[in-house]
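Residues per chain are reported as follows:
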Amino acid sequence: MKIAVFVVAATLALILLGLGIWRATDHRADRREATRLLALRHEDPPRFSKDMVKDLPEPARRFFHFAIQDGTPLHRVAEISMTGQFGMGTATAPNYLPMTAEQVLAAPGGFIWKMSAGRGAMRVSGSDTAGWTRFWLAGLVPVARTGGTADHALSGFGRAISEAVFWTPAAVLPGPGVVWSAVDDSTARVTVEHGSLRQSVDVTVNEDGRPERIVFQRWSDANAEKEFRLQPFGGTLSAFRAFEGFMLPTHVEAGNFFGTEDYFAFFIADVTAVRFAP
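The rules behind the values
Residues numbered from 1 in each chain as written. Predicted model: local features only at pLDDT ≥ 70, side-chain atom pairs only at ≥ 80, totals over all residues. Heavy atoms only, no water. Buried < 20%, exposed > 50% of the residue type's maximum accessible area, 1.4 Å probe, protein only. Helix = DSSP H or I, 4+ residues; strand = E, 2+ residues; numbered from the N terminus. Contact = heavy atoms within 4.5 Å. Polar contact = N/O pair within 3.5 Å; in protein donor to acceptor, adjacent residues only side chain to side chain. Core = buried A, V, L, I, M, F, W, Y, C linked by side-chain atoms within 4.5 Å.

Among the residues of helix α2 (residues 58–67), those classed as buried are Pro59, Ala60, Arg62, Phe63, Phe64 and Ala67. Buried residues in α2 make contact with α3 (150–167), β7 (178–182), β8 (187–194), β9 (197–205), β10 (211–220) and β12 (246–256).

Now the structure itself:
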């Protein structure tokens, strides 16, 4: 009997040790990816001038005049701290969990979002990048591990470009691989190409150029069939604050099927800090 108990205890200890090593490996991968993205920063980038956007469609020009103060160093990489809520359910039963997260956004080169949501044994934590999505329950049990595919890369690219529009607007200034066009008097579309990846995002602005919502067709399997396909994703932007010459939203609500009856804002974020300069 004592031997059986010892064997069970030893087995459990080995399992926990293995899970701990596995989790530590994920943390190391997170640090490597963050370091790679932060290395894309420039210490002395060019500064914004309204001449850079004078040939853009009027709503796009209005957006940049609002988002970037004249003379601002055009940093394209940001470290973003946030709190908020993360929905683990549906529109009718959202099951929101309190969330904190740290993000490095370096579009089009990528992003890493490290988050922790919930409390105690129900705490979900992990990271999301264009290369992987990895989440753990209570820091011990893997509950989601996907990535390493072309589908995941395209989906992640959509997230990176859409967030760059409102959190790192210098990254979507017109230039090689970045083209702006008009949708209507208040909406502009940016299309970004990076290698084999391509993503268009529509941004709707008010009369002052303040972006109020973003919408795009995202390559996603977040649907009843769990099949990758293009479907609407988007959200609303509010509570703007100035960060190092950029005027950015600090409250974002976003989710799948934006603009339809199936829309569910599973991501509700309140930004507490944005850091650009190295």
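Once you've had a look at it, read on.
Summarising the element assignment, Ala277 is placed in the segment after β13 (264–275). A residue is classified by how much of its surface remains accessible, and Ala277, at 40% relative accessible area, is partly exposed. The spacing of Ala277 and Glu79 is 198 residues in sequence and 9.4 Å in space, taken between C-alpha atoms. If near-sequence neighbours (up to four positions away) are discounted, Ala277 is found in contact with Arg41, His75 and Glu244.

All right, on to the side chain of Thr191 then. By secondary structure assignment, the location of Thr191 is in strand β8. Look at Thr191 and you get buried, because its relative accessible area is 13%. A distance of 2.7 Å separates the side chain of Thr191 from the side chain of Ser200, its partner in a polar contact. Apart from residues no more than four positions distant in its own chain, Thr191 is found in contact with Gly177, Val178, Val179, Arg198, Gln199 and Ser200.

Attention shifts here to the nonpolar core. Judged by nonpolar contacts, the single largest core of 60 residues is most densely connected at Phe64, Met82, Met99, Trp113, Trp167, Trp180 and Phe267. Ranked by residue count, the leading element in this core is α3, at seven residues. Ignoring anything within four residues of it in the chain, the contact list for Phe267 reads Met82, Gln85, Met99, Trp113, Val252, Glu253 and Ala254. Grouped together as the second largest cluster of nonpolar side chains are eight residues, Ala29, Ala34, Val77 and Trp132 included.

Attention now moves to the environment of Thr204. Mapping Thr204 onto the fold places it in strand β9. By relative accessible area, Thr204 is classed as buried at 9%. Spatially, the C-alpha atoms of Thr204 and Asp262 are 21 Å apart, while their sequence positions differ by 58 residues. In this structure Thr204 touches Ser186, Thr187, Arg210, Pro211, Glu212 and Arg213, once residues within four positions along its chain are discounted. Reaching out from Thr204, the side chain makes a polar contact with the side chain of Thr187 at a distance of 2.9 Å.

That is the geometry; function is a separate question.
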